[in-house]
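# Architecture and fold: a report
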Amino acid sequence: MKYTQLGRTGLKVSRLVLGTMNFGPLTDEADSHTIMDTALGAGINFFDTANVYGWGENKGRTEEIVGSWFAKGGERRDKVVLATKVYANMAAEGDAWPNHDKLSALNIRRAVDASLKRLRTDYIDLYQFHHIDRDTPVEEIWQAIDVLIQQGKILYAGSSNFAGWKIAQANETARRLGSFGLVSEQCLYNLAERRAEMEVIPAAQEYGLGVIPWSPLQGGLLGGVIKKETRGGRRASGRAADALADAETRAQIQGYEDLLEKHGLEPGEVALAWLLTRPGITGPIVGPRTADQLASALRAVELELSDEVLSALDEIFPGPGPSPEAFAW
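Residues numbered from 1 in each chain as written. Predicted model: local features only at pLDDT ≥ 70, side-chain atom pairs only at ≥ 80, totals over all residues. Heavy atoms only, no water.

The amide bond that connects Ser 323 to the next residue, Pro 324, takes the cis arrangement and shows omega of 5 degrees. Note on placement: Pro 324 falls in the segment after helix 13 (307-316). Not every positive phi belongs to a glycine, and Trp 55 is a case in point at roughly 60 degrees. Its place among the elements puts Trp 55 in the loop between strand 4 (46-48) and helix 2 (61-70). Look at Ser 215: it is not a glycine, yet its phi comes out positive at around 55 degrees. Among the secondary structure elements, Ser 215 is positioned in the loop between strand 9 (210-214) and helix 8 (225-230). (Helix = DSSP H or I, 4+ residues; strand = E, 2+ residues; numbered from the N terminus.)

Right under this line is the structure:
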């Protein structure tokens, strides 16, 4: 495994991030534990989750699965850089109640204690805001975070799904208050969705944030979906199926798969390897449902893409260009 610093911090993290969103809804506890053991054995030390994962009536279940794995001992917790998130309403379905969501100081305090209990740990390495909160002043958010840092409950704060200007606002406010500010941004970024290159990634680089792309395969679209369909495998679903319904997108994905077939490369591994070549990227989040999917992701770390392949990928999936040139001159 290869490692890098998380943004401007002294924290060393693996260049692949183990996403746990499938633990519970799609992968049972025993298989989830096996995947985490395999990931740790391969050198992945950066695990990402969220308080809401498990979804519906099972919100919090994913954190519980990670916590039961930590409880097995064997230095599991000490070896892992643990990231979780706060924002979603954690009240029981049909029982929504004020102050059980978003980023008020009250909900942050309540949410972190609940996550610590589910995760069976006394601290969280990276506590991330899952979404912007348009109603809570940034000063209030940093006040709550600074208290948690002083209490030793969290070490760093990060954002997710923030616009570039929100990253700037958050860290300029932190600077004024004497707080450390955001150290990471978790954003949607992959070959097929490159809008983050316009402002989000440049803002993150300017403020010393590590960038952690989620959905690196665009919901399976970049994982060889057409080839799997034609060979009788699992059909596309969700965002991938919606995208393939568009003739232009389908032709684009077909060109992508044809290019990689020519070079003897696996689409999913190339999509991850491409992200690892991009400026400012800490590491993509991989969310394996099975051990085989994790093995495929691990191969991407060692995959070196030639200049010819990288150029061809840019032709198939051209980026938007930098701001303001992408929309002005």
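There's more to say after this.
On the secondary structure map, Ala 174 appears in helix 6 (residues 164-177). Ala 174 sits in the buried class, given a relative accessible area of 0%. Separated by 46 residues in the primary sequence, Ala 174 and Gln 128 place their C-alpha atoms 15 Å from one another. (Buried < 20%, exposed > 50% of the residue type's maximum accessible area, 1.4 Å probe, protein only.)

By secondary structure assignment, the location of Ser 159 is in strand 7 (residues 154-160). A relative accessible area of 0% places Ser 159 in the buried class. Only 2.5 Å separates the side chain of Ser 159 from the side chain of Glu 185, close enough to count as a polar contact. Ignoring any residue separated from it by four or fewer positions in sequence, one finds Ser 159 in contact with Phe 129, Ile 167, Leu 182, Ser 184, Glu 185, Gln 186 and Leu 209. (Polar contact = N/O pair within 3.5 Å; in protein donor to acceptor, adjacent residues only side chain to side chain. Contact = heavy atoms within 4.5 Å.)

A word on the side chain of Thr 20. Here Thr 20 shows up in the loop between strand 3 (17-19) and helix 1 (29-41). Taking the relative accessible area as the measure of exposure, Thr 20 reaches 2% and is therefore buried. Reaching out from Thr 20, the side chain makes a polar contact with the side chain of Thr 49 at a distance of 3.0 Å. Those residues in contact with Thr 20, other than ones at most four positions away along the chain, are Asp 48, Thr 49, Tyr 53, Thr 62 and Val 66.

This model, assessed by the stated rule, comprises six aromatic pairs. Residues Trp 69 and Phe 70 carry aromatic rings whose centres are separated by 5.6 Å and whose planes lie at 45 degrees to one another, so their mutual orientation is tilted. Where Phe 129 meets Trp 142, the ring centres are 6.1 Å apart and the plane angle is 70 degrees; that geometry is what we call edge-to-face. Of the two residues, Phe 129 is situated in strand 6 (residues 124-129) and Trp 142 in helix 5 (residues 138-151); the sequence distance between them amounts to 13 residues. Given a relative accessible area of 2%, Trp 142 falls into the buried group. Ring-pair connections join several aromatic residues into one group, and the members of that group are Phe 47, Trp 69 and Phe 70. (Phe/Tyr/Trp six-rings, centres within 6.5 Å; stacked < 30°, edge-to-face > 60°.)

So, to be careful, I would describe these as geometric facts and stop short of saying anything about function.
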